[in-house]
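A look at the structure
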Amino acid sequence: MKNFNPADNIQDLQYFGEFGGVNPSISDSSTYTFLSAKTMFDTFEGNMEGCYLYSRHSSPSNLYLDKALAAMEGTQSANVSASGMGAITPTLLQLCGTGDHIVSSRTIYGGTYAFLKNFAPRLGITTAFVDITKLDVVENAITSNTKVLYCETVSNPLLEVADIEGLSKIAKRHNLTLVVDNTFSPLSVSPAKLGADIVIHSLTKYINGSSDTVGGVTCASTEFINSLKNVNSGASMLLGPTMDSMRSASVMKNLRTLHIRMKQHSHNAMYLAERFEKDGLITVYPGLESHPSHKIYKTMINPEYGFGGMMTLDVGTLAKANALMELMQSKNLGYLAVSLGFYKTLFSAPGTSTSSEIPMEEQIEMGLTDGLIRFSIGLDNDIERTYQMMKACMVELNILAS
Ligand SMILES: *Cc1c(COP(=O)(O)O)cnc(C)c1O
């Protein structure tokens, strides 16, 4: 664990382009020729390592990105997909069928929640949603049909931290597959090193980092990745959420700066969280001592990448939250937009946006209050200057005293 550095692992991979280019060539083909009919047959049967068949299965460009992301997470293999949901749903459908049961954190990405709550039951797959921070509650929710334990390292939007080592012990005891969505904390946390069986990312967020595409990845054992891509029974191969080669080449280039960006996101978010907490705002950031999971999170992270760029502030009411977001946008402090991991700060009120799939009673029960603003803190050069400008907006709206 101590010697594991995800950014160094990415750096140590070396690829050249077809003509000695410093970037790998982009494979611009949907299908591939074979010199012999026998090789084509063997490839179909899954017996020909290194041969390409058809780009819904894999393409050279996608395999480069797969390799880099597997190296980052310390898994044997990976499979990129056209979106984060395009990684999550095939992974869960590969693991579960009719009659199977999932125990999931209740504070997960709204799309994943909607899939498990509304869609998966149509296929006979049911889910118990639990408070993932209470290991006894998690274990009590497991039934004889449970196949999967599902959580996010740091959850959206309340930034609850899952004790991955503790959950992995429970998963092993009950023979479950522990699936962790690590979208909020790339590099900072290495879930597979803490005992997760499968690690998923929405590449749309920090990993690509430029808000110009959606993308996803499943990082797991070679056996599981091959099962996802199996031509006869693989959920990724058969449902078809394939990433385009042009796009994977582009994501790969952005991945090169992920370590620099994560350090700056973390630095800026820590700075603002400390200042606004001191100013008396209810501030949720896992880097603060006041965060209920601070102690455990500190033991989980690769410290040089920090506590991440996500933070929430509670400004009291939805009306104040909306007014503040509009004012901050007009001062060019960021954008009123969902998603995260952009160079610019993004903010939204989760109750009315990304978590609106979660029924109101459940939102209240989990502490998702009306005045909550979720921030994805950007790469601002001078964060003290940003703080002063944000504070001026809050003073203008009587959220803070001057
Ligand atoms: C955005 C997000 C997803 C879904 O990813 P898409 O790329 O939008 O499909 C899944 N999990 C988390 C934690 C996310 O933030």
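Residues numbered from 1 in each chain as written. Predicted model: local features only at pLDDT ≥ 70, side-chain atom pairs only at ≥ 80, totals over all residues. Heavy atoms only, no water.

Some thoughts on the domain arrangement of the chain
Defined as follows: Residue ranges labeled as domains rest on an automatic or database domain assignment. Here a residue-residue contact requires only that any non-hydrogen atoms of the pair lie within 4.5 Å. Summed over both partners, the accessible area (1.4 Å probe) lost when two parts come together is defined as the buried area. Each helix is a run of DSSP H or I of at least 4 residues and each strand a run of E of at least 2, with the numbering of both proceeding from the N terminus. In this classification, the charged set is Asp, Glu, Lys and Arg, the nonpolar set is Ala, Val, Leu, Ile, Met, Phe, Trp, Tyr, Cys and Pro, and all remaining amino acids, among them Gly, are polar.
As far as domains go, the chain holds domain 1 (6–255) and domain 2 (258–396). Each of domain 1 and domain 2 has a C-alpha centre, and the two are 27 Å apart. Across the contact, 38 residues belong to domain 1 and 41 residues belong to domain 2. At the boundary of domain 1 with domain 2, total buried surface from both sides reaches about 3200 Å², with 62% on carbon and sulfur atoms. Area buried by domain 1 at its contact with domain 2 is led by L159, S188 and Y206, which between them contribute 22% of it. Looking at the side of domain 1 that touches domain 2, the elements with two or more residues in it are α1 (6–11), α5 (110–119) and α10 (245–255). If one sorts the elements of the side of domain 1 that touches domain 2 by residue count, α5 sits on top with five residues. Residues that form the side of domain 1 that touches domain 2 fall into these classes: 20 nonpolar, 14 polar and four charged.

Observations concerning the sheet that holds strand β4 (residues 146–152)
Worth spelling out the cut-off: Note on pairing: DSSP must find at least two bridges between two strands before they are called paired. Geometry is summarised by axes, namely lines fitted to C-alpha atoms with helices restricted to the contacting stretch, and by angles between N-to-C directions that run from 0 to 180 degrees.
Taken in spatial order, the seven strands of this open sheet run β1-β7-β6-β5-β4-β2-β3, and their pairing is mixed. Each end of this open sheet is capped by a strand with a single partner; those strands are β1 (77–81) and β3 (126–130). Recorded for the sheet is a direction-independent mean angle of 20° between the axes of neighbouring strands. Note that strand β5 (residues 177–181) and strand β6 (residues 198–202) share three bridges and pair parallel. Looking across to β6, one finds that D181 is bridged to I200.

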